[in-house]
There are 2 protein chains.
Amino acid sequence: MRPDEALERLRVLGFDESDAQTLFDHFDDAERRGKAGHGYSRIEWLETLELDPGAKPEKVASFPGFEHWDGNGALGYLTLAAICASLEDDPPRPARVVTAASCFPTGTLGYWVRWLAEAGLVALLTATSPARLAHPDGGPPVVGTNPLAIGIPTTDGEPIVSDVSMGKVTYGDVLRGAASADDLVPFGGEQAHKAFALALGLQLVVETCVGEGYGAFLVAVDGEFGPSDFRERFPDLRLPGDR
Amino acid sequence: MRPDEALERLRVLGFDESDAQTLFDHFDDAERRGKAGHGYSRIEWLETLELDPGAKPEKVASFPGFEHWDGNGALGYLTLAAICASLEDDPPRPARVVTAASCFPTGTLGYWVRWLAEAGLVALLTATSPARLAHPDGGPPVVGTNPLAIGIPTTDGEPIVSDVSMGKVTYGDVLRGAASADDLVPFGGEQAHKAFALALGLQLVVETCVGEGYGAFLVAVDGEFGPSDFRERFPDLRLPGDR
């Protein structure tokens, strides 16, 4: 799929120009970063779903240092985009926890924390998804691949972005045929219990904050001692999120 | 070392009765949970250090939804204990990010999030430590084993506690001779880049919030939809943190 075709197919799905562009920007970034499982292939997937393209996410509760949003039937991509834009417009002083209910699918979480890190904010983000990982001892899938993404502003302007799925492979890779569903297990081999524990812990953080259904949990901080000079200190290292 | 000897040796180091008991409680819990690397063996280690047993941690900044503490030369155990007690006395409404500078050593992080989860709070905690993990591509150690601990209140009253070090082994295990320093690498085998990315991301979150030196980063939330009924839903699973 070419970029102009991708954008057009999003418009055809019924999204307004702003939302189509928001979605395109996410899928296009994933393509450029080699994360094809989160790229244009997702448009074909969206075309198979029952969508409400007019749905708009809403901030439904706000306290000092905390906000709760509801996707209101919008795609999770659009909910996270609205949250990032809101954090950029009204930065935390100095910290804010943001939770989001009905927030699915959320795409490559690194995209959202990079957005915030480029705006000068340290960000940690997790989001839940259908149960695909079983306990390492066996049994049915009980947790999603529940990634943890961390974005760090840096002195050279290019954020360091760690975006780690707790699965050995991503569902996106399975979706596009690049991996087997049998590899949808916690990563880590003989230490897979560690990735399972992280996936479970992150899932329960989200569940206790947003209730039933898929959601997101985000922490954004205006770090007193940022941006980080780590890349300057270790210029020869290939860092997470670098192309 | 027997429990009464452990407590007495902490008193001999110069800690007042309250601090000696706080330290003993942590080491004793680690012993009981089979985490010997964080147990009484640490008292022998403390006896080799230059300590300031009279030092007391202090809350040095407070904003809605955010606090910053300084260890002031106190052991990190005591700083985290003071932070947990403070969160229990004055719970977040509904979320608070707490950062701590000069916070080392911090012991088994699961202990602190279990404390908060028993008080009804969802908690995520990370803390930095000396660089012991190299990049999977090689080179010198650049990040600590930087665990992420997550504590979840549950309907049956026994928190679910995920406490994952990003190292294949812990430094505590190396310290007591149970593991080789050569195994101080990011966990995950062929996917060790994932644990390295998590360790680096968490380290930079701490560094950008507390500056030079070892510190801690904690998020505590009074989850609207907690406590979790996960253990009731999956009664046969051996969950993280269960004995």
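Residues numbered from 1 in each chain as written. Chains lettered and ligands numbered in written order. Predicted model: local features only at pLDDT ≥ 70, side-chain atom pairs only at ≥ 80, totals over all residues.

> Could you give an account of the environment of Y40 of chain B, with specific residues and numbers?
Residue and element names in this part refer to chain B. Mapping Y40 onto the fold places it in the loop between helix 2 (17–32) and helix 3 (41–46). Among the residues examined, Y40 registers 20 C-beta atoms within 10 Å and is labelled buried. Between the C-alpha atom of Y40 and that of L121, which follows or precedes it by 81 residues, the distance is 28 Å. Beyond its immediate sequence surroundings of up to four residues, Y40 is in contact with M1, A6, F27 and E31. (Helix = DSSP H or I, 4+ residues; strand = E, 2+ residues; numbered from the N terminus. Buried ≥ 20, exposed ≤ 12 C-beta atoms within 10 Å, placed from the backbone. Contact = placed C-beta atoms within 7 Å.)

> Provide a residue-level description of the nonpolar core, including the pertinent values.
Counting 153 residues, the largest nonpolar core has A123 of chain A together with A123 of chain B as its most contacted members. The contacts of A123 of chain B, once residues within four sequence positions are left out, are V113, L116, A117, G151, L218, V219 and A220 of chain B. (Core = buried A, V, L, I, M, F, W, Y, C linked by C-beta atoms within 7 Å.)

> So what's going on with the environment of F217 of chain B? Residues and values would help.
Residue and element names in this part refer to chain B. Looking at the secondary structure, you find F217 in strand 9 (residues 216–221). In this structure the C-alpha to C-alpha distance between F217 and D89, which are 128 residues apart in sequence, comes to 19 Å. Residues within four places of F217 in sequence aside, it is in contact with T99, T126, V205, V206 and C209.

> Give me the relation of the copies chain B and chain A: which residues, what numbers.
Of the transformation placing chain B onto chain A, the axial shift is 0.0 Å and the rotation is 180°, giving an RMSD of 0.0 Å. Taken together, the rotation angle and the small translation identify this as a two-fold axis. In terms of proximity to the rotation axis, the leading residue of chain B is G188 of chain B, whose C-alpha is 1.9 Å off the axis. An overlap of 100% is found between the interface residues of chain B and their copies at the interface of chain A, pointing to a shared contact surface. (Least-squares fit on C-alpha atoms with pLDDT ≥ 70 in both.)

> Please give an account of the sheet that holds strand 2 (residues 66–70) of chain A that cites residues and values.
Reading across the sheet, the seven strands line up as 1-2-3-9-4-7-8 (chain A) and stay open at both edges, with mixed pairing between neighbours. Taken across any chain shown, the strands that pair with only one partner, and hence form the sheet edges, are strand 1 (58–63) and strand 8 (160–164) of chain A. For this sheet, the mean inter-axis angle between neighbouring strands, taken without regard to orientation, is 10°. Bridging between strand 7 (residues 148–152) of chain A and strand 8 of chain A involves five bridges; their strand directions are antiparallel. Looking at the pairing, I152 of chain A lines up with I160 of chain A of strand 8 of chain A. Those strands touched by helix 7 (residues 192–210) of chain A are strand 3 (95–101), strand 4 (122–127), strand 7 and strand 9 (215–221) of chain A, and its axis lies near 95° from that of strand 9 of chain A. Of the strands in this sheet, strand 4, strand 7, strand 8 and strand 9 of chain A touch helix 7 (residues 192–210) of chain B, which is tilted by about 135° from strand 8 of chain A. (Pairing = 2+ DSSP bridges. Axes fitted to C-alpha atoms, helices over the stretch in contact; angles between N-to-C directions.)

> Before we move on, can you summarise the sheet that holds strand 8 (residues 160–164) of chain B with the specific residues and values?
Strand order in the open sheet formed by seven strands is 1-2-3-9-4-7-8 (chain B), and the pairing between neighbours is mixed. The open sheet terminates on both sides in strands that have one partner only, identified here as strand 1 (58–63) and strand 8 of chain B. For this sheet, the mean angle separating the axes of adjacent strands, direction not counted, is 10°. Examined bridge by bridge, strand 4 (residues 122–127) of chain B and strand 7 (residues 148–152) of chain B share four bridges and lie antiparallel to one another. When the sheet's bridge partners are listed, L125 of chain B is paired in strand 7 of chain B with A149 of chain B. Against the sheet, helix 7 of chain A contacts strand 4, strand 7, strand 8 and strand 9 of chain B, and its axis sits at roughly 135° relative to strand 8 of chain B. Relative to the sheet, helix 5 (residues 109–118) of chain B contacts strand 4, strand 7, strand 8 and strand 9 of chain B, its axis offset from that of strand 7 of chain B by approximately 25°.

> Please give an account of the domain arrangement of chain A that cites residues and values.
All names here are of chain A. The assigned domain composition of chain A is domain 1 (1–53) and domain 2 (55–233). Placing the centre of domain 1 and that of domain 2 at their C-alpha centroids yields a distance of 20 Å. Listed as interface residues are 13 residues of domain 1 and, on the opposing side, 14 residues of domain 2. Every element with two or more residues in the side of domain 1 that touches domain 2 is listed here: helix 2 (17–32) and helix 3 (41–46). Its residues placed into classes, the side of domain 1 that touches domain 2 shows four nonpolar, five polar and four charged. (Domains from an automatic or database assignment. Nonpolar A, V, L, I, M, F, W, Y, C, P; charged D, E, K, R; others polar.)

> Can you tell me about the interface of chain B and chain A, naming the residues and giving the values?
Each partner contributes residues to the interface: chain B has 52 residues there, and chain A has 52 residues. Elements supplying a minimum of two residues to the side of chain B that touches chain A: strand 3 (95–101), strand 4, strand 6 (138–143), strand 7, strand 8, helix 7 and strand 9 of chain B. Counting residues per element, the side of chain B that touches chain A draws most heavily on helix 7 of chain B, at twelve residues. Tallied by class, residues from the side of chain B that touches chain A come to 31 nonpolar, 13 polar and eight charged.

> Mind laying out the pairing of strand 4 of chain A, listing which residues take part and the relevant values?
Residues and elements named next belong to chain A. Burial of strand 4 is extensive: six of the six residues sit out of reach of the surface. Burial along strand 4 is two-sided: V122, L124 and T126 and A123, L125 and A127, pointing in opposite directions, are all buried. Alignment of strand 4 against strand 9, held across six bridges, turns out to be antiparallel. Bridge pairing in strand 9 places A123 opposite A220.

> Account for the pairing of strand 3 of chain A, naming residues and giving values.
Residues and elements named next belong to chain A. A large share of strand 3 lies buried, amounting to seven of its seven residues. When strand 2 meets strand 3, the two strands line up parallel, connected through five bridges. Within the sheet, the bridge partner assigned to E67 lies in strand 3 and is V98. Taking the sense of rotation as the criterion, the β-α-β connection linking strand 2, helix 4 (residues 76–89) and strand 3 turns out right-handed. (Right-handed = clockwise from strand over helix to strand, strands pointing away.)

> Can you explain the packing of helix 4 of chain A against helix 5 (residues 109–118) of chain A? Please cite residues and give values.
All names here are of chain A. Between helix 4 and helix 5, whose axes approach to 10 Å, the crossing angle comes to 10°. Judged by the angle between their axes, helix 4 and helix 5 are roughly parallel. Counted together, L80, C84 and L87 of helix 4 and W112, W115 and L116 of helix 5 form the full contact between these two elements. Residues belonging to the contact of helix 4 with helix 5 are distributed by class as follows: six nonpolar, no polar and no charged. (Parallel < 35°, antiparallel > 145°, perpendicular 65-115°, else oblique.)

> A description of helix 4 of chain A should follow, citing residues and the corresponding values.
Residues and elements named next belong to chain A. Here helix 4 spans 20 Å end to end across 14 residues, near enough to the 20 Å set by a 1.5 Å rise per residue. Across the 14 residues of helix 4, ten count as buried, placing the element largely inside the fold. Considered for burial, the residues of helix 4 that qualify are G76, Y77, L78, T79, L80, A81, A82, I83, C84 and L87. Residues of helix 4 that are buried make contact with helix 2, strand 2, strand 3, helix 5, strand 4 and strand 9. (Expected span 1.5 Å × (residues − 1).)

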